[in-house]
Amino acid sequence: MTKAPPGEKKYKTRLYNPLTTPLHSLSDWGIGVGMYFSTLASMIVVFALAGLLNVKNMLYYASKEYDRDRFEEERGEFPLMNPLKYSTVCMTREWVVCVDCHESNSYWNNIFVDSYYGTAVNPVTGKTQILINRTTCAGAQVEQGIWNIVTLLFLIVGISLFVSYQNQVEVRLDEGKTSASDYSILVSNPPDDAVDPEEWREFFDGLLGELTGEKQQQVTLCTIALNNHRLLKNLVQRRKDLKLLKTLLSETCELSDMNDGAAVDAAVTLYMEQKREQDAKVNDGQPKSVFKQFAAFIFLPFSVLGKIVHFIRRKLGHLPTEPHQLWGRIQSITQSIRLMQEFEVYKASAVYVTFETEQAQRAALKALNAGRFEVWTNKRVLLEGFALFRRNFILDIHEADEPDTCRWCDLDSTGAERIIRRICSLVVTFGMTLLSILTLPLIRVHINTIFYSVILSTYNIIIPLVVQAMVSFEKHPDEGDKQQSLYINIALFRWINTVVVTDLTTPFLAKLGVETFDMMNSVNALLISEMVYSPILKFLDIGGIIQRHYHAPRAKTQELMHDNFHGGYYSMAERYTDFTKVLLLCIFYSPYYPIIFFFGVGILFVQFWTDKILLMRAWQTNPSIGPETSRFSRRYFTTAAIVIGAISAATVYANFPFTNLCNCPDGDDKCAVDVSQMYSNVTLLSGERLESVETSAVALKFCNQAKVGFPQDPEHQGFDNIWMTKSQEKLTTIYGWISFVLLVLFAAGLFGHRVTTFLLSLCKGIYEPSGFDQQKDFTDGIGVDSFAYVPQLKEPGFTFPLLACDISKIN
């Protein structure tokens with residue numbers, strides 16, 4: 001299967017079939033796309049095997065041995081109809097007397113657990129006593145924990161093998177798809193006045209001649225980027241305004257040449273005269289019908305909101321509302337462009353050099369492979385003299401990214417400017433995350449968990465769109481760097497929104513609760529929503545339907561109609577965060593809900609096929625993203641999900657049974673009270689009154705079971721606050737140190753690798769070629785998507801990229 005080039009007419013072509021297209025062919029959309037689908041396919045298998053490893057725990061939690069009351073209540077029910085049967089939800093409870101819980105009743109004073117706390121008069125002593133309805137299920141014993149540990153270790157081994165496999169896939173896909181980046185290098189610190197392509201050609205041809213001893217021309221193409229982003233932005237804005245003006249004037253006349261100032265002036269004047277005449281007729285006409293008045297009243301809020309937005313944008317200078325205002329701005333921008341072209345001197349900000357062979361590119365990278373100190377100080381230490389540009393300048397070079405991933409307007413941005421803009425995006429993302437944390441619990445408690453899960457999944461779809469808009473204002477030299485920033489922001493929101501919020505907003509005492517708004521019911525609803533609702537919402541593409549079926553038929557020009565058929569936007573960063581979100585969700589809640597891995601299989605399976613169909617039938621064509629996002633995801637976020645999951649599991653097993661109650665130590669006078677086994681007229685914090693309650697004959701005391709430290713260790717209980725069984729203490733010790741070791745290894749791998757690489761790069765160059773030389777010449781044809789580094793800007797509203805260079809010699 002070979003991808004047809006744009007405009008292919010010689011051979012018969014057909015669309016890719018979503019059902020029969022093999023995985024390796026998906027790299028035709030970019031190596032990053034192929035690796036994304038390979039990741040989903042691999043993890044479906046890993047999750048299925050992890051689920052099988054948890055069958056023992058699933059059967060235990062569904063048995064009478066774990067939860068007697070739930071077993072009796074659900075006997076005869078078809079087991080798969082109620083997956084919560086296989087969770088740690090505990091229905092077996094008993095009322096006990098707590099001698100000092102009145103001092104900490106705030107732990108129970110909320111809608112989740114206020115029915116578990118009651119007060120009643122002791123019929124023996126006549127004093128008021130506190131009664132607590134506690135769980136008695138024992139779900140944190142060594143046997144259950146060992147299976148969870150085995151699952152964790154399997155995931156570590158499985159994902160390690162998967163990472164190794166992905167590295168091989170990356171090399172294989174890269175070798176199977178030769179592109180311009182395999183022949184090109186990027187010079188990121190050219191001298192300001194080095195704007196002559198011939199000078200660069202002579203330098204690199206001379207460099208390769210010194211290395212090989214042969215004089216031959218190896219440089220095929222050279223592109224020099226200038227620090228003219230202000231000029232480019234003005235040119236783009238002028239083009240946008242001209243397009244908008246032509247659309248407005250199309251109601252009265254057709255203009256073939258928008259650069260004809262006299263014709264445009266006449267058309268604008270004619271438009272304004274006709275508009276005044278129409279306004280006069282409307283004001284003198286008949287009053288609106290009752291139906292129109294009712295419609296205007298119904299849509300009044302939207303009309304007011306639209307006018308406010310238009311007013312703000314007009315005040316900011318972003319939205320001239322009349323043709324004469326628009327034409328005035330076009331003339332002002334045109335004058336600014338002429339002044340820039342006449343008086344400003346533009347400096348070189350980056351240079352792309354494309355060689356005829358891969359061998360020449362690799363030889364140049366090896367010869368110019370300088371350390372950071374050499375580049376920063378411009379003092380030669382290890383470089384040869386002939387590797388100096390102009391015999392006195394050390395170049396900072398790298399292997400170039402794909403041509404269509406270059407962000408030409410951002411190449412001259414400074415490091416400080418990039419960092420500041422990224423910090424601003426993170427602050428906004430934190431703000432949206434905080435808004436989610438504040439609103440979702442209210443929906444969960446006061447409406448229901450189904451609506452809570454739907455809103456949560458909707459947030460996970462809508463907020464990334466807002467994040468993408470924010471990241472577009474950041475400065476990035478290429479799409480790979482932009483995707484990393486997008487990944488961090490979206491992952492931050494989705495991880496907290498999907499995984500952390502439910503756990504964070506569930507009171508400690510409601511972790512094993514059976515109520516509809518308790519944690520496991522909320523997680524179960526969320527899993528179903530992620531498997532059903534999210535794919536349906538994504539598949540429907542409501543925004544695309546509105547564009548194609550409402551806006552397109554009402555477009556005033558053919559070009560505007562085409563603008564409504566671009567297809568949906570997608571990014572690999574957003575798709576990878578959707579995967580790591582599912583990975584973290586499954587590992588994080590697996591101690592509570594061992595069947596969750598089978599849910600994960602279902603979610604990833606639906607995600608795989610939904611994305612594959614949308615990619616081939618609905619999504620627009622994006623830049624050919626390389627493996628950077630995939631590499632970034634598996635190196636940092638996939639491993640981070642495992643570490644966070646291990647820490648969460650160790651904490652869960654240490655916190656069992658989530659009652660905040662401990663046996664009193666021998667000799668504790670506080671617990672030396674007469675305890676009755678029957679209490680009447682028990683008043684709960686919820687306001688409900690129970691006629692009678694039977695309790696155990698043992699008095700208990702309050703102890704905060706959430707304070708287990710890190711690494712989790714039974715010693716943190718203290719000598720007088722013992723709630724763990726001997727088996728639980730053993731399990732907590734084992735899992736606590738496993739999570740600690742994993743955290744240390746992750747930190748060492750994360751920072752150690754980066755620090756070591758950075759320190760090494762200070763002293764010498766660290767370039768190493770990857771893959772094999774394909775023994776193909778650049779001019780013999782290297783693909784159908786990418787040929788050369790032609791400066792171009794992709795702007796919304798334009799069918800094709802805007803070329804930012806002299807096109808007189810481009811075919």
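This section reports on the structure supplied with the text. Fair warning: this is a prediction, and the values are worked out from it, not measured in the lab.

**Some thoughts on the overall build of the protein**
Thinking step 1. Tallying secondary structure elements over the protein gives 22 helices and twelve strands in all.
Thinking step 2. Taking as baseline every contact in the protein between residues at least 6 positions apart, the subset at least 24 positions apart corresponds to 78%.
Thinking step 3. Of the accessible surface of the protein, which amounts to about 40500 Å², a share of 60% is contributed by carbon and sulfur atoms.

**Some details on the sheet that holds strand 7 (residues 397-399)**
Thinking step 1. Pairing is antiparallel across the open sheet formed by four strands, whose spatial order is 5-6-4-7. Lying at the two open borders of the sheet, with one neighbouring strand each, are strand 5 (219-226) and strand 7. Averaged over all pairs of adjacent strands, the angle between their axes in this sheet comes to 20 degrees, without regard to strand direction.
Thinking step 2. Pairing between strand 5 and strand 6 (residues 348-355): seven bridges, direction antiparallel.

**Focus on the pattern of salt bridges**
Thinking step 1. Applying the stated rule across the entire model yields 26 salt bridges.
Thinking step 2. The partner of Lys-347 in a salt bridge is Asp-192, and the shortest N-O contact between them spans 3.9 Å. Of this pair, Lys-347 sits in the loop between helix 10 (323-343) and strand 6 while Asp-192 sits in the loop between strand 4 (184-187) and helix 5 (197-212), and the two are 155 residues apart along the sequence.
Thinking step 3. For Asp-192, a relative accessible area of 44% corresponds to the partly exposed category.
Thinking step 4. The residue Arg-422 makes a salt bridge to Asp-481 at a minimum N-O spacing of 2.7 Å. Of this pair, Arg-422 sits in helix 13 (residues 415-446) while Asp-481 sits in helix 15 (residues 479-504); the two residues are 59 residues apart in sequence, bridging distant segments of the chain.
Thinking step 5. Taken together, the salt bridges that share partners define one network made up of Arg-494, Glu-530, Lys-538, Glu-574, Arg-575, Asp-578, Lys-581 and Asp-611.

**Description of the packing of helix 5 against helix 11 (residues 358-367)**
Thinking step 1. Two elements in contact, helix 5 and helix 11, have axes separated by 10 Å at closest approach and are oriented at 85 degrees. Considering their axes alone, helix 5 and helix 11 lie roughly perpendicular with respect to each other. From helix 5, Phe-204, Leu-207, Leu-208 and Leu-211 reach across to helix 11, where they touch Ala-360, Ala-363, Ala-364 and Ala-367.
Thinking step 2. For the contact of helix 5 with helix 11, a count of residues per class yields eight nonpolar, no polar and no charged.

**As for a nonpolar patch on the surface**
Thinking step 1. There is a patch of nonpolar side chains on the surface, built from Ile-528, Val-532, Ile-536, Leu-540, Ile-542, Ile-545, Ile-546 and Tyr-550 and spanning about 690 Å² of accessible area.
Thinking step 2. If you list the elements that add at least two residues to the nonpolar patch, you get helix 16 (519-540) and helix 17 (542-551).
Thinking step 3. Residue placement: Ile-545 occurs in helix 17.

**Looking at the state of the cysteines**
Thinking step 1. For the structure shown, the criterion picks out three disulfides.
Thinking step 2. Across the disulfide from Cys-90 sits Cys-137; the S-S distance is 1.9 Å. Looking along the S-S bond of the Cys-90-Cys-137 disulfide, the torsion reads about 80 degrees, which is the right-handed sense. Here Cys-137 lies in the loop between strand 3 (128-135) and helix 4 (142-176) and Cys-90 lies in the loop between helix 3 (68-74) and strand 1 (93-98), a separation of 47 residues in the sequence.
Thinking step 3. The buried category is assigned to Cys-137, whose relative accessible area is 4%.
Thinking step 4. Note that Cys-662 is cross-linked by a disulfide to Cys-703, the S-S spacing being 1.8 Å.

**Considerations on helix 15**
Thinking step 1. A rise of 1.5 Å per residue sets the reference length of helix 15, with its 26 residues, at 38 Å; its end C-alpha atoms lie 35 Å apart and thus fit the reference within 8%.
Thinking step 2. Of all bends in helix 15, the biggest is about 35 degrees, found at Asn-497.
Thinking step 3. The element helix 15 is largely enclosed, with a buried count of 20 among its 26 residues.
Thinking step 4. Among the residues of helix 15, the N-terminal cap falls to Asp-478, whose side-chain oxygen and the backbone nitrogen of Gly-480 are separated by 3.0 Å.

The rules behind these values
- Throughout, residues of each chain are indexed from 1 in the direction in which the sequence is written.
- It should be noted that, the model being predicted, local features are given only for residues of pLDDT at least 70 and side-chain atom pairs only at 80 or more, the latter also being counted only at that level, while totals for whole chains, interfaces and linings use all residues.
- Neither water nor hydrogens contribute to the side-chain values; these are computed over all heavy atoms in the structure.
- Only DSSP runs of H or I covering at least 4 residues are called helices, and only runs of E covering at least 2 are called strands; the numbering of each starts at the N terminus.
- Residues are treated as being in contact if the distance between any of their heavy atoms lies within 4.5 Å.
- Accessible areas in this description were obtained via Shrake-Rupley with a 1.4 Å probe; residue shielding takes into account the shown protein chains only.
- When DSSP finds two or more bridges between two strands, those strands count as paired.
- Fitted lines through C-alpha atoms serve as axes, helices being fitted only where they are in contact, and the angles separating the N-to-C directions of these axes extend from 0 to 180 degrees.
- A side-chain nitrogen of Lys or Arg and a carboxyl oxygen of Asp or Glu constitute a salt bridge if their distance falls within 4 Å.
- Accessible area is worked out with a 1.4 Å probe on protein chains only. A residue is then buried under 20% of its type maximum, exposed over 50%, and partly exposed in between.
- Each angle gets one of four labels, with under 35 degrees taken as roughly parallel, over 145 as roughly antiparallel, 65 to 115 as roughly perpendicular, and the rest as oblique.
- Charged residues are taken to be Asp, Glu, Lys and Arg, nonpolar residues to be Ala, Val, Leu, Ile, Met, Phe, Trp, Tyr, Cys and Pro, and polar residues to be all remaining types, Gly included.
- Residues enter a patch when their relative accessible area is above 30% and they make no salt bridge; the linking distance is 9 Å between like charges and 5 Å between nonpolar side chains (Val, Leu, Ile, Met, Phe, Trp, Tyr).
- By definition, disulfides here are pairs of cysteine sulfur atoms that lie within 2.5 Å.
- Each residue after the first adds 1.5 Å to the expected span of a helix.
- A residue's bend is given by the angle between axes fitted to the 7 residues ending at it and the 7 residues starting at it.
- Pairing of N or O atoms within 3.5 Å defines a polar contact, subject to two protein rules: one partner must be a possible hydrogen donor and the other a possible acceptor, and residues neighboring in sequence count only if both atoms are side-chain atoms.

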